[in-house]
Amino acid sequence: SANFLAFFEGSGLDGFVNQSPSLYTTTLKTTNPPQGAKYLEFTGDGLTNDGLKATFPASQPDEISYYVKSDSYGTTNGAVEIGGTVSGNFTRMFSSLFTYTTMRLYYGYGTGNTYYNYTITQGTWYKIELKNINYTTERFDIYVNGTLILANAEFYAPVTSVSQIE
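What you see is a predicted model; the values in this text were computed from it and never measured. (Residues numbered from 1 in each chain as written. Predicted model: local features only at pLDDT ≥ 70, side-chain atom pairs only at ≥ 80, totals over all residues. Heavy atoms only, no water.)

### Considerations on the pattern of salt bridges
Under the criterion given, the structure shown has 6 salt bridges. Taking the shortest distance from any N to any O, the salt bridge between Arg-92 and Glu-81 comes out at 3.3 Å. Residue Arg-92 is found in strand β7 (residues 89–99), and its partner Glu-81 is found in strand β6 (residues 77–86); the two are separated by 11 residues along the sequence. Take Arg-92 and Glu-81: they sit in the same class, and that class is buried. Between Lys-127 and Glu-129 there is a salt bridge whose closest N-O contact spans 3.8 Å. By sharing partners, the salt bridges in this structure join Lys-127, Glu-129 and Lys-131 into a single network. (Salt bridge = Lys/Arg side-chain N within 4 Å of Asp/Glu carboxyl O. Helix = DSSP H or I, 4+ residues; strand = E, 2+ residues; numbered from the N terminus. Buried < 20%, exposed > 50% of the residue type's maximum accessible area, 1.4 Å probe, protein only.)

### Observations regarding the side chain of Ser-163
Examined against the element boundaries, Ser-163 turns out to sit in strand β13 (residues 162–165). The exposure class assigned to Ser-163 is buried, which follows from its relative accessible area of 10%. For Ser-163, the contacting residues outside a window of four places in its chain are Ala-54, Thr-55, Phe-56, Ala-58, Gly-83, Gly-84 and Thr-85. (Contact = heavy atoms within 4.5 Å.)

### Looking at the sheet that holds strand β10 (residues 126–134)
Across the sheet, 4 strands lie side by side as β5-β10-β11-β12; this open sheet has antiparallel pairing. Here the strands that pair on one side only, and so sit at the sheet edges, are β5 (64–68) and β12 (147–154). This sheet shows a mean twist of 20 degrees between the axes of neighbouring strands, independent of strand direction. Here β10 pairs with strand β11 (residues 139–144) via 5 bridges, running antiparallel. Across the sheet, residue Leu-130 finds its bridge partner in β11, namely Ile-142. (Pairing = 2+ DSSP bridges. Axes fitted to C-alpha atoms, helices over the stretch in contact; angles between N-to-C directions.)

Here you go:
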């Protein structure tokens, strides 16, 4: 069973909170959703970790997936960070973001600031999947649109559970 699901099929943010409504606008859209009838469009100009945020009871899912797209080839946008609380602070195990014509998939704290550049097409939905998540070895497999991109990738930082998406 899932600990956190967000489909945006209703009229709200489905468990997410807009941390900076003066900087960001959220709109439920019906044109070309990746699944279902709606998706959440999030626009604005702020910093990492001041946009949408969802917190939920800590758990150890063995799979996590989400859809994301960028409608511009600008500098950094569309960041998603997944992680948990370590010593009272949010710690990410994985993140993705768009930068110009690539989507960066961040992983691998043991080897430094490691990321994989995935070439994108503006306005196209991408399904990101983290599979075979192992909290003991701190490793997982990364898929984009059903294709294995990285096998046995290290967590970006050590977490024992997942409780937050930003």
